[in-house]
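Single-letter residue listing:
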Amino acid sequence: MTSTVTERTERARNIVASMRVKQDPVPRPPGPNGLKAMWTMMAGRRAPHEFFGALAARHQPVVHVALGAEHVHILFSPEAIWDVFVTNGRHTRKSLGLQLTRPLLGDGLLTADGATHLRHRRAIQPLFHNKRIEGYIADMTAAADLTSGSWSDGTVIDVAHAMSELTLDVIGRTIFGLNLRAEAQDMAQALNTVLEGFARGIGPLASPLSRVPTAQRRREIQAIEELDAIVGQMIAQRTRDIGDGYVGSDLLTMMLTSTDDAGEASFTAEEVRDEAMTLVLAGHETTALTLTWAWHLLATNPQWRAWLTEEVDALAEPPSTADHLRQLPRTYAVVAESMRLHPPAWIIGRWLDTDLRVAGWDLPRGSVVLASQYAMHRDPRFWSDAHAFRPDRWLTGEGTFDERAPRVPRGVWFPFGFGTRRCIGEHFAWTEAVVLLATLARRWELDVQVPADPPMMSAITLRPDVPMPTVVRSR
Ligand code: HEM
């Protein structure tokens, strides 16, 4: 038996309560008045990333915002970001915002801290070794071919849905050894409802932990239960398979069969559930967003689309090996530029577990520190033509792709986070995004019919909050 949504919510409330420690009054960095900040964030809920962008324009290394009892510090100095997230990473915990995801994710890799996090990270890491990822490339191409086969010239699709279905298929085949394509629609709908709740969670209503039984709250709980049921079925199926003699090296087989030195199961049913939920969600939603924005940017910048097409057409066959990927520097560059302008993880936070001097200010234990990929990836102090889609900034003089090519200081470019909490799926995501984009771009042009800056939903990820109608054109 695993826990219910109510039980996980109660645990999350207790954790949040334990993080609300009394902080002595100390001088805090300058920032907007708390009420005004709160109001602006609530009013601009569909674009709080713009709120952070506006704060960045004040050119302060750190801005303080008092949100209720919370002292939040937003860092705009790359040195300060590096100092907190990397150098002092071990003195921090995941921030309050992420605790709101516990009713859904439980104590999985994304939310766990300390010894639990380390034990799980070590156990799961082998699934993401370079050699394993090379072995996933053929599965990724096969999934893209299935999507390709379902399109015909002139078909209108919703590109966000299509990319989400495709990346769910990929994570299913590779990490879980299961076919999840059939679950895509139910999962997308439920996830949407849950993420709306998280978006509302920014602010005093904190919907995911709310005790007020509004209709919206009931819908959120039901949506989490639906996701629980899907993940529960995945685990039940794999448990049956193992009983029938199945031998595999996927996440579930690994977690369900692993034993410690005393021969006891290494992971409880709850731990298996939490990691499965974390990897199925973290492992597909972010890459789907990267691809959705890549198609959008290519559609609105036809000269760069032609630049990309020239490269993918030069491949003799769809990319299916690591060697093929080395021939796709422009595709990597488009993926990088998509994540620069529209980082799927747009803000990350830490809770200080010790008093810490940050950007010249002595912040007491319990302070919250945020760094926004959205703000730093578009900061004109570090990027030329910061708001323009210019994928060639990622290429070296020799035409190879290099994340260091734009020569920005460390602490400015961090789509996958930092240090020991850096994304476990980073290499997987690069490989996947490049394989899927190149495979589809060889056959199709996607005409995304959405204006340049659609309304956004800023929850854990930054996602368009409108349908994304797209005409697919055969090439
Ligand atoms: C473009 C795609 C992706 C982006 C932009 C992204 C971004 C991130 C970021 C920023 C973090 C750190 C969060 C923090 O420090 O609070 C993170 C962590 C994580 N990501 Fe990703 N991710 C992507 C794809 C994936 C994929 C494909 C998987 C799995 C298959 C994955 C699984 C995870 C997990 C499990 C963590 C927690 C790691 C830990 O703390 O040990 N992500 N991701």
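This text follows the structure it describes.
One structure accompanies this document, and this report is about it. Keep in mind that what you see is a predicted model, and the values were worked out from it rather than measured.

Definitions and limits used
- Residues numbered from 1 in each chain as written.
- Predicted model: local features only at pLDDT ≥ 70, side-chain atom pairs only at ≥ 80, totals over all residues.
- Helix = DSSP H or I, 4+ residues; strand = E, 2+ residues; numbered from the N terminus.
- Rg over C-alpha atoms; globule rule 2.2 N^0.38 Å.
- Buried ≥ 20, exposed ≤ 12 C-beta atoms within 10 Å, placed from the backbone.
- Contact = placed C-beta atoms within 7 Å.
- Near = placed C-beta within 6 Å.
- Nonpolar A, V, L, I, M, F, W, Y, C, P; charged D, E, K, R; others polar.
- Axes fitted to C-alpha atoms, helices over the stretch in contact; angles between N-to-C directions.
- Parallel < 35°, antiparallel > 145°, perpendicular 65-115°, else oblique.
- Left-handed = near helix turned anticlockwise from the far one by under 90°.
- Pairing = 2+ DSSP bridges.
- Expected span 1.5 Å × (residues − 1).
- Arc of directions from axis to C-beta.
- Core = buried A, V, L, I, M, F, W, Y, C linked by C-beta atoms within 7 Å.

1. Things to note about the overall build of the protein
No. 1: Scanning the protein for helices and strands turns up 19 helices and 12 strands.
No. 2: Over its C-alpha trace the protein gives a radius of gyration of 22 Å, about what one expects of a compact globule, namely 23 Å for 475 residues.
No. 3: Seen along its three principal axes, the alpha-carbon backbone of the protein occupies a region of about 65 × 55 × 45 Å.
No. 4: Residue burial in the protein is summarised as follows: out of 475 residues, 44% are buried.
No. 5: Across the protein, the fraction of contacts at a sequence separation of at least 24, relative to all contacts at a separation of at least 6, is 74%.

2. A short note on the site of the ligand
No. 1: Neighbouring the ligand are 25 residues, the closest being G283, T286, G417, C423 and G425.
No. 2: Among the elements of the structure, α9 (159-176), α13 (269-282), α14 (285-300) and α19 (426-441) are those that each provide at least two residues to the shell around the ligand.
No. 3: Its residues placed into classes, the shell around the ligand shows 16 nonpolar, seven polar and two charged.

3. Quick notes on the packing of helix α11 (residues 215-243) against α13
Each packed pair of helices is defined by two parameters, the angle between the axes and the distance between the axes.
No. 1: α13 packs onto α11 with a crossing angle of 110° between their chain directions and a minimal axis gap of 10 Å. Here α11 lies roughly perpendicular to α13, going by the angle between them. Our pair here, α11 against α13, has a crossing hand that is right-handed. Side by side, α11 and α13 meet where L227, V231, M234 and I235 of the first sit next to V272, R273, A276, M277 and V280 of the second.
No. 2: Residues belonging to the contact of α11 with α13 are distributed by class as follows: eight nonpolar, no polar and one charged.

4. Digging into the sheet that holds strand β9 (residues 444-448)
No. 1: An order of β4-β12-β9 is seen for the three strands of this open sheet, with the pairing classed as antiparallel. Each edge of the open sheet carries a strand with a single partner, namely β4 (156-158) and β9. For this sheet, the mean inter-axis angle between neighbouring strands, taken without regard to orientation, is 35°.
No. 2: Across three bridges, β4 lies against strand β12 (residues 469-474) in antiparallel orientation. When the bridges of β12 are listed, V156 appears paired with V471.

5. Digging into helix α1 (residues 5-19)
One turn of the α-helix equals 3.6 residues, which is why residues spaced by three or four share an orientation.
No. 1: Over its 15 residues, α1 extends 21 Å from the first C-alpha to the last, a length consistent with the 21 Å expected when each residue adds 1.5 Å.
No. 2: The set of residues buried in α1 consists of R8, T9 and A12. Viewed end-on, α1 has its buried residues packed into an arc of 100°, placing them on one side of the element. Among the exposed residues of α1, those oriented more than 90 degrees off its buried face are T6, N14, A17 and S18.
No. 3: Where α1 is buried, its residues touch α5 (96-99) and α6 (102-105).

6. Focus on the sheet that holds strand β2 (residues 70-75)
No. 1: Read across the sheet, five strands follow the order β1-β2-β8-β5-β3 without closing on themselves; strand pairing throughout is mixed. Only two strands of the sheet have a single neighbouring strand rather than two, namely β1 (62-67) and β3 (92-94). Strand after strand, the sheet turns through a mean of 30° between neighbouring axes, direction not considered.
No. 2: In this structure, β2 lies alongside strand β8 (residues 368-371), joined through four bridges in parallel fashion. Within β8, the residue paired with V72 across the bridge is V368.

7. A look at the nonpolar core
No. 1: With 126 residues, the main nonpolar core has I74, L75, V335, V434 and L437 as its most contacted residues.
No. 2: With 11 residues, the top contributor of residues to this core is α19.
No. 3: Here L437 is in contact with L291, A294, T331, V334 and V335, once residues within four sequence places are set aside.

8. Quick word on the environment of Q60
No. 1: Mapped onto the secondary structure, Q60 falls in the loop between α3 (48-56) and β1.
No. 2: We classify Q60 as partly exposed; it has 17 C-beta atoms within 10 Å.
No. 3: Sequence-wise, Q60 and P29 are 31 residues apart; in three dimensions their C-alpha atoms are separated by 9.0 Å.
No. 4: The residues contacting Q60, other than those within four sequence positions of it, are P29, P30 and F76.

9. A short note on the pairing of β12
No. 1: Where β9 and β12 come together, five bridges link them in antiparallel fashion. Bridged to E445 within β12 is R473.

10. Considering α14
No. 1: Compared with the 22 Å implied by 1.5 Å per residue over 16 residues, the 23 Å span of α14 between its first and last C-alpha is a close match.
No. 2: With 14 of 16 residues buried, α14 is to be regarded as a mostly interior element.

11. Digging into unusual backbone geometry
No. 1: Even without being glycine, A359 reaches a positive phi, approximately 50°.
No. 2: Secondary-structure assignment places A359 in the loop between β6 (356-358) and β7 (361-363).
No. 3: When the 19 C-beta atoms within 10 Å are taken as the criterion, A359 is described as partly exposed.
No. 4: The phi dihedral of D385 is positive, around 50°, even though this residue is not glycine.
No. 5: If you trace the backbone, D385 turns up in the loop between α18 (373-377) and α19.
No. 6: Take D385: there are 9 C-beta atoms within 10 Å of it, and that puts it in the exposed class.

12. Section: the environment of T309
No. 1: Topologically, T309 is positioned in helix α15 (residues 302-314).
No. 2: Taking the C-beta count within 10 Å as the criterion, T309 has 16 such neighbours and is therefore assigned partly exposed.
No. 3: Expressed as a C-alpha distance, the spacing of T309 and A438, which sit 129 residues apart in the sequence, is 8.5 Å.

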